Amino acid sequence: QVQLIESGGGLVQAGGSLTLSCAASERERAFGSWVMGWFRQVPGKEREFVATIGWSGTRMYYADFVKGRFTISRDNAKNTVVLQMNSLKPEDTAVYYCAADVNGRWAPEVVTTLHEYDFWGQGTQVTVSS
């Protein structure tokens, strides 16, 4: 029903940077009322929370392991969310997924929880070499 398309993944050396983008259809008028999040997953392991941003773009929350390195932002005029990743480490290697919570409840126990999100992109691979 809702398509989210990630892009920007690739191969980078440790210490480098990547910018991931997530886009919903430009025809989607409800984007500005969604909480948007980024999660990542390594094969064989559970998908984990990375970062989230409120519908207004003024509230953000980050996993401890990315604080100070990653920045999440959104442009509601373009229906996009961006994850700027700096100082990348080999342990950041994963498939990164964009997700939308259409209910938009803002609380740490909600916006960091996998099952609270309603729609998911197909993921983009990030590989960090040592």
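See the structure printed just above.
Residues numbered from 1 in each chain as written. Predicted model: local features only at pLDDT ≥ 70, side-chain atom pairs only at ≥ 80, totals over all residues. Heavy atoms only, no water.

**Let's talk about the overall build of the protein**
We apply this condition: Each helix is a run of DSSP H or I of at least 4 residues and each strand a run of E of at least 2, with the numbering of both proceeding from the N terminus. Throughout, radius of gyration means the C-alpha value; the globule benchmark is 2.2 Å times the number of residues raised to the power 0.38. With a 1.4 Å probe rolled over the protein chains alone, any residue whose accessible area is under 20% of its type maximum counts as buried; one over 50% counts as exposed, and the rest are partly exposed. Here, residues are in contact when the closest pair of their heavy atoms is within 4.5 Å. All accessible areas in this document rest on Shrake-Rupley with a 1.4 Å probe, and a residue is counted as covered only by the protein chains that are shown.
Of regular secondary structure, the protein possesses one helix and eleven strands. Moving toward the C terminus, one meets the helices and strands of the protein in the order β-β-β-β-β-β-β-β-β-α-β-β. Relative to the compact-globule value of 14 Å for 130 residues, the protein shows a C-alpha radius of gyration of 14 Å, a close match. Seen through its C-alpha atoms, the protein measures out along the principal axes to roughly 40 × 30 × 30 Å. Taken across its 130 residues, the protein has 43% of its residues classed as buried. Within the protein, residue pairs in contact and separated by at least 24 positions form 59% of the contacts whose partners lie at least 6 positions apart. Summed over its atoms, the accessible surface of the protein is roughly 6,900 Å², and 48% of this surface lies on carbon and sulfur atoms.

**Re the pairing of strand β4 (residues 35-41)**
The condition that has to hold: Two strands are counted as paired when DSSP detects at least two bridges linking them.
Here β4 lies mainly inside the structure; six of its seven residues are buried. Relative to strand β9 (residues 94-101), β4 runs antiparallel, the two being bridged by seven bridges. Counted as the bridge partner of Phe-39 is Tyr-97 from β9. Examined bridge by bridge, β4 and strand β5 (residues 48-53) share five bridges and lie antiparallel to one another. Opposite Arg-40, over in β5, you have Glu-48 as the bridge partner. The antiparallel pairing of β4 with β5 creates a hairpin that spans six residues between the two strands, and Gly-44 there sits at a positive phi of about 85 degrees.

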